[in-house]
Amino acid sequence: MGAQPSTPAVAAGPTDPEPASLVTLSVPDRAAMERLVASGADLTERVRPQADGSVQVDAVVTESQLEALRPLGATLASEARQSPPQARAKAAAPQDQIVIERAVWYESRDGYFLSVEASSSAAQAADLTVSWRGKKGTTGQAEMVAYVDAGQYLGHQFSTPVPAENQPQSITVTSAGGGQAEAKVRQWPDGDKPDRASRGYQKDFVTQYMTPAQLNERVKDLHRRYPKLTDLITLPYKTNGYRRHAQAVLGTPPAAAVVVTSDAYGSEGGNDLSVELVDPGAPDRPLQASLDGKLVTVSLATDASGALVSTAAQVTAAINAAAGLPVKASVYRTDPGAGVMAPAPATQLDDFLNAPADVSREPAEVLALRIGVHRDGSRTGVLAYSQEHAREWVTPLVSIEAAERLLRNYAGDNATRKLLERTDVFIVPVVNPDGANYSFYDFNSQRKNMTNHCPPQQSDPALRNQWGVDVNRNYAAGSVHDGYVGGSTNCQSGSYAGPAEHSEPESRNVMWLADTYRNIKFAMNVHSYGGYFMWPPGAYQAEGRVTLPRPTPEEEEFFLDSARTIEEAIVAERGTVIWPQQTGPVTDVLYSAAGNSADELWYDYGIYGWDFEVGADLWNSETRRWEPVGFQPPFSEGHQEAMEFAAGLISLIGIAADYRDR
Ligand SMILES: [Zn+2]
């Protein structure tokens, strides 16, 4: 009775990428989690410590990538759940001192939850239990988890917020070592509540996920309708384009195979070419490559008996040495080159791009919409930029929805008018349009841009889903090139930082905005998913977990106070509360992300650089578990996420409107 698969399973050919899927991985502890980050695995931005000390993280992996991660301690969480939890070693330590750092309750649409952070002088060896008393005599109890990052003990917390029947009022943290501490429970986020929207306030302007072309149309349309309130800025660096060279694999991998790649992009003639390997049918013939029209013919060499003798290495060399051929060749990655090639019928080259012909293959323009009454640099600037990561389809909707709310309500809503009088807003809905197109039409888990920096041995078409640069690891502050953790120098890695800092037009565009409009003081980098609200530092060095410099206490306080106010605006939409343990510096609440944009904006430009991870977990009241929403939830969910985080973005613009340089 189950649904039939829409496409029949077919045997994978030499040009077919290995299928990838979004899974939840489990690793035994935080140290193993760090090894995963350092390995360059394609991790999502959702990390969840578990009650037994293990850590779960969502990742996009193929079968063979998963096998490669197993030696690092990774298993599928579904497998991990089947094995009995390991007993935690009890430490026979002297009585420890307990400090409660934060105890908060919150009410979301799913009820009351409690979140506690505490630390013990016995560090990670301590076994801490929280018991609480609440209104109407409710009580409860839950275990805490030690949080150890890069060998450093950061304290204990709950793996996820714990449901509480009613509002918890006081807690006692008890250690198996004998230590104890008590605290009152405060409300979270407890920031400034958003202003009541005026009557007639308009919102809800997104009706579907949007491709880059649709987003650009929308931005241009907003500029046409509101010429007095907007400027359309075409950013100076065009992307490399949604395009690839055309390829074919001749022979039979893993042995005796050759990859042929067109000089021209597929869309510029590469897809029209064909290549064949022919048996000359006579003894003692030389190896020759030639072109006739759009057909490349390689006539294989024969010996005195007429047997074919050309190896893959020789065929490759012959193609590359022949004058005037519109292709290059390389030996297939698994073939040492010594295998003798068999004849192959004419095979047409293909760029393997599936978008309809009306999706432009040209280098793409990246647009920013500048919104404000006074767009002369005299007002506090706010930059919001989305979809650095291609598969995060909800993120451009957040910025488009915010732009529409600002423009459509300017005439009728006093609070909006104040925002546009006092601020200068720059909105970039899609930083990485080529990757976004690839995510829509070819490989929906695409994270990076489309530019392939891999050498020929890693450039056969079956690897095409692994190419590209992680735009949010391509920036200069705290980058992998400076020894920071969380970017990769492997061109196939999910977090490949690129051949150099700022090697990619996508990252140069973001920095161009910061460089050009020096009034920008605030920035929001919109990502998904997981429900986080973060700020610098976003990276540390492996040795000793030395982070980029911490903001001053005053700056930290400003980051946190602003976050609480912005989170109130998010709550107001549908009761989604960003967890306190997911509100904070990137390195503390997620993982080290070397070379990310928020760090560069903060450290090099003094811009308060925040990151949203939209798409908070949904509470399943039946299983009593938090469940991830994924990158491309059903639109009904994506739409809700866009509404709540657009409200958060407008709240940030409100903070900018009240900001005075200190
Ligand atoms: Zn992201």
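Calculation criteria
Residue numbering note: each chain is counted from 1, following its sequence as written. Local features in this predicted model are restricted to residues whose pLDDT is 70 or higher, and side-chain atom pairs enter the listing and the counts only when it is 80 or higher, whereas totals over whole chains, interfaces and linings include all residues. Water and hydrogen atoms play no part in the side-chain values, which are based on all heavy atoms of the structure. In this text, helices come from DSSP runs of H or I with a minimum length of four residues, and strands from runs of E with a minimum of two, each type numbered from the N-terminal end. The atom set for the radius of gyration is the C-alpha atoms, and the globule formula is 2.2 Å times the number of residues raised to the power 0.38. In what follows, a contact means two residues having at least one pair of non-hydrogen atoms within 4.5 Å. Residue-level accessible areas treat just the shown protein chains as cover; the underlying method is Shrake-Rupley with a 1.4 Å probe. Lys and Arg are tallied as positive, Asp and Glu as negative. Neither His nor the chain termini are counted. To locate a charge, take NZ of a lysine, CZ of an arginine, CG of an aspartate or CD of a glutamate. Relative accessibility thresholds used throughout: buried, under 20% of the residue-type maximum; exposed, over 50%; partly exposed, between the two (1.4 Å probe, protein chains only). Of all possible arcs, the one meant is that of the directions from the helix axis to the C-beta atoms. The pairing criterion is simple: DSSP has to find at least two bridges between the two strands. To obtain an axis, a line is fitted to C-alpha atoms, over the contacting stretch when the element is a helix, and the angle between two such axes runs from 0 to 180 degrees between their N-to-C directions. Note on terminology: angles under 35 degrees are roughly parallel, angles over 145 are roughly antiparallel, angles of 65 to 115 are roughly perpendicular, and the others are oblique. In a left-handed crossing the near helix is turned counterclockwise from the far helix by less than a right angle, and in a right-handed crossing that turn is clockwise. Residue classes follow a fixed rule: Ala, Val, Leu, Ile, Met, Phe, Trp, Tyr, Cys and Pro count as nonpolar, while Asp, Glu, Lys and Arg count as charged, and any other residue, Gly among them, counts as polar. What pLDDT conveys is the predictor's confidence in a given residue, as a value from 0 to 100. Among the buried residues, those of types Ala, Val, Leu, Ile, Met, Phe, Trp, Tyr and Cys that are joined through side-chain atoms within 4.5 Å form a nonpolar core. Throughout this description, a polar contact denotes any pair of N or O atoms lying within 3.5 Å of each other; where both atoms belong to protein, one of them has to be capable of donating a hydrogen while the other can accept it, and for residues adjacent in sequence the pair is counted only when both atoms sit in side chains. Water is not part of the atom set, so a site may look incomplete; the donors themselves are N, O and S atoms within 2.8 Å of the metal, or 3.2 Å for Na, K and Ca. Think of it this way: with four donors and all angles in the 85 to 135 degree range, the site is tetrahedral; with four or six donors, opposite ones beyond 155 degrees and the rest between 65 and 115, it is square planar or octahedral; otherwise it is irregular. The aromatic pairing rule takes the rings of Phe, Tyr and Trp, using the six-membered ring of Trp, and pairs them if the centres are within 6.5 Å, calling planes under 30 degrees apart stacked, those over 60 edge-to-face and the rest tilted. Over a ring means this: the NZ of a Lys or the CZ of an Arg is within 6 Å of the ring centre and within 35 degrees of the ring normal.

Asker: Pulling in residues and values, what's your account of the overall build of the protein chain?
Answerer: Of regular secondary structure, the protein chain possesses 13 helices and 33 strands. A globule of 662 residues ought to have a C-alpha radius of gyration of about 26 Å, and the protein chain, at 28 Å, matches this closely. The principal-axis extents of the C-alpha atoms in the protein chain amount to approximately 95 × 70 × 55 Å. Partitioning the contacts of the protein chain with sequence separation of at least 6, the portion at a separation of at least 24 is 76%. For the protein chain, the exposed surface amounts to about 26,500 Å²; the carbon and sulfur share of it is 49%. When the 56 basic and 82 acidic side-chain charges of the protein chain are each reduced to a single mean position, those positions are 7 Å apart.

Asker: Run through helix α7 (residues 414-422), naming residues and quoting values.
Answerer: For α7, every residue scored as buried is listed here: Thr-416, Leu-419 and Leu-420. Buried residues of α7, seen end-on, are gathered within an arc of 90° and therefore sit on one face of the element. Each element contacted by the buried residues of α7 is listed here: β23 (367-371), α6 (394-409), β25 (423-428) and α13 (635-657).

Asker: Describe in detail the sheet that holds strand β30 (residues 583-585), supporting the description with residues and values.
Answerer: In a beta sheet, neighbouring strands are held together by backbone hydrogen bonds and run either parallel or antiparallel to one another. The strand order across the open sheet built from eight strands is β15-β23-β25-β24-β26-β31-β27-β30, with neighbouring strands paired in mixed fashion. Each having just a single partner strand, β15 (230-234) and β30 make up the two edges of the open sheet. Neighbour to neighbour, the strand axes of the sheet diverge by 20° on average, direction disregarded. Strands in contact with α6 are β15, β23, β24 (380-386), β25, β26 (520-530) and β31 (608-616); relative to β23, the strand with the most contacts, it is inclined by about 30°.

Asker: Which residues make up the packing of α6 against α13, and what are the values?
Answerer: Each pair of packed helices can be described by the angle between their axes along with the distance between the axes. As a packed pair, α6 and α13 sit with axes 8 Å apart at the nearest point and diverge in direction by 55°. When the axes of α6 and α13 are compared, the pair comes out oblique. Viewed along their axes, α6 and α13 form a crossing whose handedness is right-handed. Residues Val-394, Leu-397, Val-398, Ser-399, Glu-401, Ala-402, Arg-405 and Leu-406 of α6 touch α13, and the partners they reach there are Phe-635, Gly-638, Glu-641, Ala-642, Met-643, Phe-645, Ala-646, Ala-647, Leu-649, Ile-650 and Ile-653. Taken together, the residues that form the contact of α6 with α13 break down as 14 nonpolar, two polar and three charged.

Asker: Tell me about the confidence of the model for the protein chain, and name the residues and values.
Answerer: For the protein chain, the average pLDDT comes to 94, and 96% of its residues sit at 70 or higher. Counted against residues more than four places away or in other chains, residues 82-91, with its pLDDT under 50, gives eight contacts.

Asker: Lay out the nonpolar core in plain terms, naming residues and giving numbers.
Answerer: Counting 58 residues, the largest nonpolar core has Ile-371, Phe-522, Trp-610 and Phe-612 as the members making the most contacts within it. Per-element tally for this core: the top contributor is α13, with 11 residues. Excluding its chain neighbours within four sequence positions, the residues that come into contact with Ile-371 are Leu-229, Thr-230, Ala-403, Leu-406, Leu-407, Leu-420, Thr-423, Asp-424, Val-425 and Ile-427. The next biggest cluster of nonpolar side chains, apart from the first, holds 26 residues, and it includes Leu-36, Ala-59, Leu-69 and Met-534.

Asker: Which residues make up the side chain of Ser-54, and what are the values?
Answerer: Assignment of secondary structure puts Ser-54 in the loop between β2 (43-49) and β3 (55-62). A polar atom in the side chain of Ser-54 sits 2.6 Å from the side chain of Asp-52.

Asker: Could you give an account of unusual backbone geometry, naming the residues involved and the relevant values?
Answerer: Note the cis peptide between Trp-188 and Pro-189, where omega equals -5°. Structurally, Pro-189 can be placed in the loop between β14 (186-187) and α4 (212-225). In this chain, Pro-536 is followed by Pro-537 through a cis amide linkage whose omega measures 5°. By the element assignment, Pro-537 lies in the loop between β27 (532-535) and β28 (540-541). For Phe-352, which is not glycine, the phi torsion reads 60° and is therefore positive. As for its placement among the helices and strands, Phe-352 is situated in the loop between β22 (344-348) and β23. Owing to a relative accessible area of 16%, Phe-352 belongs among the buried residues under this scheme.

Asker: Break down the coordination of the zinc ion for me, with residues and values.
Answerer: Around the zinc ion, the donor atoms from the protein are Glu-45 (OE), Glu-45 (OE), His-389 (ND1), Glu-392 (OE), Glu-392 (OE) and His-527 (ND1), and they sit 2.1 to 2.7 Å away. Coordination geometry of the zinc ion: the six donor atoms subtend angles of 52 to 148° at the metal centre, consistent with an arrangement described as irregular. One chain supplies every donor to the zinc ion, and in sequence these donors are spaced E-x343-H-x2-E-x134-H. Here His-527 lies in strand β26 and His-389 lies in the loop between β24 and α6, a separation of 138 residues in the sequence. Of the residues examined, His-389 reaches a relative accessible area of 0% and is grouped as buried.

Asker: Help me get a handle on the environment of Gln-640, residues and values and all.
Answerer: You can see Gln-640 is positioned in helix α13. Considered as a pair, Gln-640 and Val-394 are 246 residues apart in the sequence and their alpha carbons are 9.6 Å apart.

Asker: I'd like a description of the sheet that holds strand β17 (residues 255-265), backed by residues and values.
Answerer: Strands sit in the order β16-β17-β21 across an open sheet of three strands; the sheet is antiparallel. Both outer strands of the open sheet, β16 (245-252) and β21 (327-331), are each paired with one neighbouring strand and no more. The average undirected angle you get between the axes of adjacent strands in this sheet is 20°. Bridge count for β17 against β21 is five bridges, and the pairing is antiparallel.

Asker: Report on the packing of aromatic side chains, specifying residues and quantitative values.
Answerer: One pass over the full model with this rule turns up 30 aromatic pairs. Measuring from ring centre to ring centre gives 5.1 Å for Phe-533 and Phe-612, while their planes differ by 65°; the resulting arrangement is edge-to-face. Taken together, the residues Phe-533 in strand β27 and Phe-612 in strand β31 connect sequence positions 79 residues apart. Exposure class is identical for Phe-533 and Phe-612. Each is buried. Here Phe-559 and Trp-602 contribute two aromatic rings whose centre-to-centre distance is 5.2 Å and whose plane-to-plane angle is 70°, an arrangement assigned as edge-to-face. Here Phe-559 is found in helix α10 (residues 553-574), whereas its partner Trp-602 is found in helix α12 (residues 597-605), with 43 residues between them in sequence. Looking at Trp-602, the relative accessible area reads 10%, which means it is buried. One aromatic cluster in this structure is built from Phe-522, Phe-533, Trp-535, Phe-558, Phe-559, Trp-602, Tyr-608, Trp-610, Phe-612, Phe-645 and Tyr-659. Positioned above the aromatic ring of Tyr-438 is the side chain of Arg-244, whose terminal nitrogen or guanidinium carbon lies 4.5 Å from the ring centre. In this structure, Arg-417 packs its charged tip against the face of Tyr-410, placed 5.8 Å from the ring centre.

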